[in-house]
Amino acid sequence: MSQHIPNRRNFAASRREFMGASTAAAVAGSLGIVGAAHAAGSDEIKIALIGCGGRGSGATVQAMNTPANVKLVAMADAFQDRVDISYRQIASHHPDRVDVPDDRKFVGLDAYRKAIEADVDLVILATPPGFRPIHFEAAVNAGKHVFMEKPVATDAPGVRRILAANQVAKQKGLIVAVGLNLRHEDRYREVVDRIHNGAIGELNFLRTYYNSGGVWVKPRE
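Let us look at the structure shown here. Just so it is clear, the structure is predicted and the values come from calculations on it, not from any experiment.

1. So, the packing of helix H4 (residues 132-141) against helix H5 (residues 156-172)
For step 1, the next point in the chain: Closest axis-to-axis distance for the H4/H5 pair is 9 Å, and the angle between their directions is 15 degrees. Here H5 runs roughly parallel to H4, going by the angle between their axes. Along this stretch, H4 crosses H5, giving a crossing that reads as left-handed. Residues Arg132, Pro133, Ile134, Phe136, Glu137, Val140 and Asn141 of H4 lie in contact with H5, whose contacting residues are Gly158, Arg161, Ile162, Ala165, Asn166, Val168, Ala169 and Lys172.
For step 2, the next point in the chain: In terms of residue class, the contact of H4 with H5 is built from eight nonpolar, three polar and four charged.

2. Observations concerning the nonpolar core
For step 1, the next point in the chain: Counting 27 residues, the largest nonpolar core has Ile50, Ala74, Val123, Phe136 and Met148 as the members making the most contacts within it.
For step 2, the next point in the chain: If you look at the next biggest cluster of nonpolar residues, it comprises 21 residues, including Leu49, Ala63, Met75 and Ala91.

3. Here's the deal with unusual backbone geometry
Negative phi characterises most residues that are not glycine, and trans characterises most peptide bonds.
For step 1, the next point in the chain: Residue Pro151 follows Lys150 across a cis peptide bond; omega there is -10 degrees.
For step 2, the next point in the chain: Within the fold, Pro151 resides in the loop between strand E5 (145-148) and H5.
For step 3, the next point in the chain: Despite not being glycine, Asp119 has its phi angle at roughly 55 degrees, a positive value.
For step 4, the next point in the chain: Looking at where Asp119 falls in the secondary structure, it is placed in the loop between helix H3 (111-116) and strand E4 (122-125).
For step 5, the next point in the chain: For Asp119, a relative accessible area of 38% corresponds to the partly exposed category.

4. A word on the pattern of salt bridges
For step 1, the next point in the chain: Within this structure, the stated rule accounts for nine salt bridges.
For step 2, the next point in the chain: Between Arg161 and Glu137 there is a salt bridge, with the nearest N and O atoms lying 2.8 Å from each other. Linking Arg161 in helix H5 with Glu137 in helix H4, this pair joins segments that are 24 residues apart in sequence.
For step 3, the next point in the chain: For Glu137, a relative accessible area of 25% corresponds to the partly exposed category.
For step 4, the next point in the chain: The closest approach of N and O atoms between Glu185 and Arg187, which form a salt bridge, is 3.1 Å.
For step 5, the next point in the chain: The exposed category is assigned to Arg187, whose relative accessible area is 63%.

5. Comments concerning the sheet that holds E4
For step 1, the next point in the chain: Read from one edge to the other, the open sheet built from six strands follows the order E3-E2-E1-E4-E5-E6, with strand pairing classed as parallel. Looking at strand neighbours, the two that pair on one side only are strand E3 (105-107) and strand E6 (176-178), the edges of this open sheet. On average, each strand axis in the sheet is tilted by 20 degrees relative to the strand beside it, whichever way the strands run.
For step 2, the next point in the chain: Pairing of E4 with E5 involves four bridges; the strand directions are parallel. Looking at E5, one finds that Ile124 is bridged to Phe147.

6. Side note on a nonpolar patch on the surface
For step 1, the next point in the chain: On the surface, a nonpolar cluster with roughly 280 Å² of combined accessible area is contributed by Ile200, Leu203 and Leu206.
For step 2, the next point in the chain: Along the chain, Ile200 turns up in the segment after helix H6 (186-196).
For step 3, the next point in the chain: Residue classification places Ile200 among the exposed residues on the basis of a relative accessible area of 55%.

7. A word on the packing of helix H1 (residues 54-64) against helix H2 (residues 80-93)
For step 1, the next point in the chain: Contact geometry for H1 and H2: axes closest at 10 Å, N-to-C directions at 25 degrees. Classified by the interaxial angle, the pair formed by H1 and H2 is roughly parallel. For the pair H1 and H2, the crossing hand works out as right-handed. Here Gly54, Ser57, Thr60, Val61 and Met64 of H1 lie close against H2, whose contacting residues are Arg82, Ser86, Gln89, Ile90 and His93.
For step 2, the next point in the chain: When grouped by side-chain class, the residues that make up the contact of H1 with H2 number three nonpolar, six polar and one charged.

Reading guide: rules and limits
The residue count restarts for each chain, going from 1 along the sequence in the order it is written. Where local features are concerned, this predicted model is filtered to residues with pLDDT of at least 70; where side-chain atom pairs are given and counted, the filter is 80 or more; whole-chain, interface and lining totals use all residues. With hydrogens and water excluded, all non-hydrogen atoms of the structure serve as input to the side-chain values. Axes here mean lines fitted to C-alpha atoms, for a helix over just the part in contact, with angles spanning 0 to 180 degrees between N-to-C directions. Here a helix means four or more residues in a row that DSSP labels H or I, a strand means two or more in a row labelled E, and each is numbered from the N terminus. Oblique is the label for any angle not covered by the other classes, which are roughly parallel (under 35 degrees), roughly antiparallel (over 145) and roughly perpendicular (65 to 115). Here a crossing is called left-handed whenever its near helix is offset anticlockwise from the far helix by less than a right angle, and right-handed whenever the offset is clockwise. Only heavy atoms matter for contacts: two residues are in contact if any of them lie within 4.5 Å across the pair. Residue classes follow a fixed rule: Ala, Val, Leu, Ile, Met, Phe, Trp, Tyr, Cys and Pro count as nonpolar, while Asp, Glu, Lys and Arg count as charged, and any other residue, Gly among them, counts as polar. By nonpolar core we mean a set of buried residues, namely Ala, Val, Leu, Ile, Met, Phe, Trp, Tyr and Cys, connected to one another through side-chain atoms within 4.5 Å. Buried means the residue's accessible area, taken with a 1.4 Å probe over protein chains only, is under 20% of the maximum for its type, while exposed means over 50%, and partly exposed covers the values in between. Between Lys or Arg on one side and Asp or Glu on the other, a salt bridge is scored when a side-chain nitrogen of the former is within 4 Å of a carboxyl oxygen of the latter. Note: two strands are recorded as paired if DSSP finds a minimum of 2 bridges between them. Candidates for patches are residues over 30% relative accessible area with no salt bridge; among them, like charges are joined within 9 Å and nonpolar side chains (Val, Leu, Ile, Met, Phe, Trp, Tyr) within 5 Å. We get accessible surface area from the Shrake-Rupley algorithm with a probe of 1.4 Å; when it comes to residues, only the shown protein chains can shield them.

Following this line, the structure appears as structure tokens:
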């Protein structure tokens with residue numbers, strides 16, 4: 001999106017002009033966007049989680065696994081039980097990095113706006129993808145750095161909305177990263193590069209599969 005995070009190892013910035021480099025919040029262990037920052041004598045990076053399902057909770061824990069001074073200060077979801085479960089899960093991993101009182105636990109379809117407005121530096125967008133363009137647009141307009149899960153849209157109008165908001169993010173100097181998983185993994189990128197350079201000859205057809213070992217099919221909730 002607006003920055004290629006893995007290659008920006010030495011990008012220094014203020015807290016509001018966030019440093020995107022050695023960080024976490026992505027899929028299957030790939031690192032994405034939280035780095036180091038400072039503003040007015042503070043190096044704390046305040047995060048809002050929007051979308052409190054398993055992926056959002058996992059991305060937040062991954063962000064907290066980094067050396068950066070990261071703190072979760074706001075949460076938003078359409079359903080109260082998802083906020084409550086996610087809060088307990090994240091706090092069980094990093095109790096010292098969670099500061100989300102009840103008045104910063106937002107519920108409802110408009111909860112994302114309240115979380116974005118809660119004096120945060122970075123938002124993690126992990127709701128179902130149909131909501132992603134609206135949430136991304138709102139975060140960028142508010143001047144927030146963004147990590148968002150893939151897919152980023154579900155239809156052509158949504159894709160155009162994402163692209164337009166990303167142009168605004170570039171103009172504002174915001175850091176944006178997407179959980180593109182293995183596309184940020186050095187070993188994976190090297191394999192792809194070797195294939196492109198003819199290591200296994202000329203290709204007529206190629207199909208790849210990724211199986212993490214988990215069972216991803218479950219009954220509808």
